[in-house]
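So the chains spell out like this:
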Amino acid sequence: GFPVTEFPLSYCNRSKIKKMYKKIILLLTILAYSVIVAQSFMYIVALKNVQHGMQAESYIELRKLLDINFRANYKYAVYAALLTSLLLVLVNIKSPGSLLFITSAIAFTALIADVLLMMKGNMPINKLINTWTPVHYPDNWADYRAKWLQIFFYREVATITGFISLAIGAVFGLKQIK
């Protein structure tokens, strides 16, 4: 037999292992990012129109229920996407001209933009809406809804751009992995 200490160094090519780690990080990033971008696609497909068609009472209840659930669970998806996106940038930083580095940097930047818009735009509006009741709400409640949806539109642009960037890196940039 072969000594156990020799096996990994003798029979495993380190560059192949590095490539495999990069591919795994890319896969995990795409999976984590897909949870983030799924929200944007659902708003494009239906949720925006549904919310525009709601009266104040229904809208307030929907926002409150969505906010409770997103506060409980969405943060984990955001943390996972931020962590994996940052890791993807870092493992490709030695090749700053490579397509995978460029697309991962774009995706990470877009994700940061989404998080900032969420924290500085949507969350304060959610906090305000959470103080309303179906019978006590401001007369201009629809203005708050419009503002929330406008901010979310910018988030959609950011997350979809980032996800498309990741997809381009995955499809066309893998050949450049070193």
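The text that follows walks through the structure, step by step, so that each part is easy to find. (Residues numbered from 1 in each chain as written. Predicted model: local features only at pLDDT ≥ 70, side-chain atom pairs only at ≥ 80, totals over all residues. Heavy atoms only, no water.)

### Topic: the pattern of salt bridges
Part 1 of the argument: Going through the model one piece at a time under the given rule, you end up with 2 salt bridges.
Part 2 of the argument: Measuring nitrogen to oxygen at the nearest pair gives 2.6 Å for the salt bridge that ties Arg155 to Asp114. Highlighted residues: Arg155 in helix α5 (residues 141–172) and Asp114 in helix α4 (residues 99–129), separated in sequence by 41 residues.
Part 3 of the argument: Classification of Arg155 by relative accessible area gives buried; the value is 3%. (Salt bridge = Lys/Arg side-chain N within 4 Å of Asp/Glu carboxyl O. Helix = DSSP H or I, 4+ residues; strand = E, 2+ residues; numbered from the N terminus. Buried < 20%, exposed > 50% of the residue type's maximum accessible area, 1.4 Å probe, protein only.)

### A few points about the nonpolar core
Part 1 of the argument: Leu26, Tyr33, Ile36, Val78 and Leu166 are the most contacted members of the largest nonpolar core, which totals 19 residues.
Part 2 of the argument: Of all elements in the fold, only α2 (14–52), α3 (56–91), α4 and α5 reach the threshold of two or more residues within this core.
Part 3 of the argument: Sequence-distant contacts of Val78, defined by excluding residues within four places in its chain, comprise Ile36, Val115 and Met118.
Part 4 of the argument: Judged by nonpolar contacts, the second largest core, of 13 residues, contains Tyr43, Ile125, Leu149 and Phe152. (Core = buried A, V, L, I, M, F, W, Y, C linked by side-chain atoms within 4.5 Å. Contact = heavy atoms within 4.5 Å.)

### Comments concerning the packing of α2 against α5
Part 1 of the argument: The geometry of α2 relative to α5 is characterised by a closest axis approach of 9 Å and an angle of 145° between their N-to-C directions. As for the relative orientation of α2 and α5, their crossing is left-handed in sense.
Part 2 of the argument: Here the residues of the contact of α2 with α5 are counted per class, giving 16 nonpolar, 8 polar and 4 charged. (Axes fitted to C-alpha atoms, helices over the stretch in contact; angles between N-to-C directions. Left-handed = near helix turned anticlockwise from the far one by under 90°. Nonpolar A, V, L, I, M, F, W, Y, C, P; charged D, E, K, R; others polar.)

### Some remarks on the layout of surface pockets
Part 1 of the argument: Put simply, the largest pocket is a space of about 380 Å³.
Part 2 of the argument: Phe70, Tyr74, Lys75, Met118 and Met123 are, among the 19 residues lining the largest pocket, the residues nearest its centre.
Part 3 of the argument: Elements that contribute at least two residues to the lining of the largest pocket include exactly α3, α4 and α5.
Part 4 of the argument: A total of 10 residues in the lining of the largest pocket trace back to one element, the largest contributor, which is α3.
Part 5 of the argument: Of the residues contributing to the lining of the largest pocket, the split by class is 11 nonpolar, 3 polar and 5 charged. (1 Å grid on protein atoms, 1.4 Å probe; cavity = no way out; pocket = protein on both sides within 12 Å on 5 of 7 lines; lining within 4 Å. Points joined across faces, edges and corners; volume = space filled by probe spheres on them.)

### A short note on the side chain of Thr29
Part 1 of the argument: Examined against the element boundaries, Thr29 turns out to sit in helix α2.
Part 2 of the argument: Residues within four places of Thr29 in sequence aside, it is in contact with Thr84, Ser85, Leu88 and Leu166.

### Notes on the packing of α2 against α3
Part 1 of the argument: Two elements in contact, α2 and α3, have axes separated by 8 Å at closest approach and are oriented at 155°. Taken together, the axis directions place α2 and α3 in an arrangement best described as roughly antiparallel. In terms of crossing hand, the pair formed by α2 and α3 is left-handed.
Part 2 of the argument: Here the contact of α2 with α3 is composed, by residue class, of 20 nonpolar, 5 polar and 2 charged. (Parallel < 35°, antiparallel > 145°, perpendicular 65-115°, else oblique.)

### What about the packing of aromatic side chains?
Part 1 of the argument: The final tally for this structure, using the stated rule, is 8 aromatic pairs.
Part 2 of the argument: For the ring pair Tyr43 and Phe152, a centre distance of 4.4 Å and an interplane angle of 45° mean the geometry is tilted. With Tyr43 in helix α2 and Phe152 in helix α5, this pair connects stretches of sequence that are 109 residues apart. Per residue, the accessibility class of Tyr43 equals that of Phe152, and both read buried.
Part 3 of the argument: Relative to Phe152, the ring of Trp148 lies with its centre 5.3 Å away and its plane at 10°, an arrangement referred to as stacked. Of this pair, Trp148 and Phe152 both sit in helix α5, separated by 4 residues, roughly a single helical turn. (Phe/Tyr/Trp six-rings, centres within 6.5 Å; stacked < 30°, edge-to-face > 60°.)

### Brief notes about α2
Part 1 of the argument: Over its 39 residues, α2 runs 55 Å from end to end, which matches the ideal 57 Å to within 8%, given 1.5 Å per residue.
Part 2 of the argument: The set of residues buried in α2 consists of Lys22, Ile25, Leu26, Thr29, Ala32, Tyr33, Ile36, Val37, Gln39, Ser40, Tyr43 and Gln51.
Part 3 of the argument: Residues of α2 that are buried sit in contact with α3, α4 and α5. (Expected span 1.5 Å × (residues − 1).)

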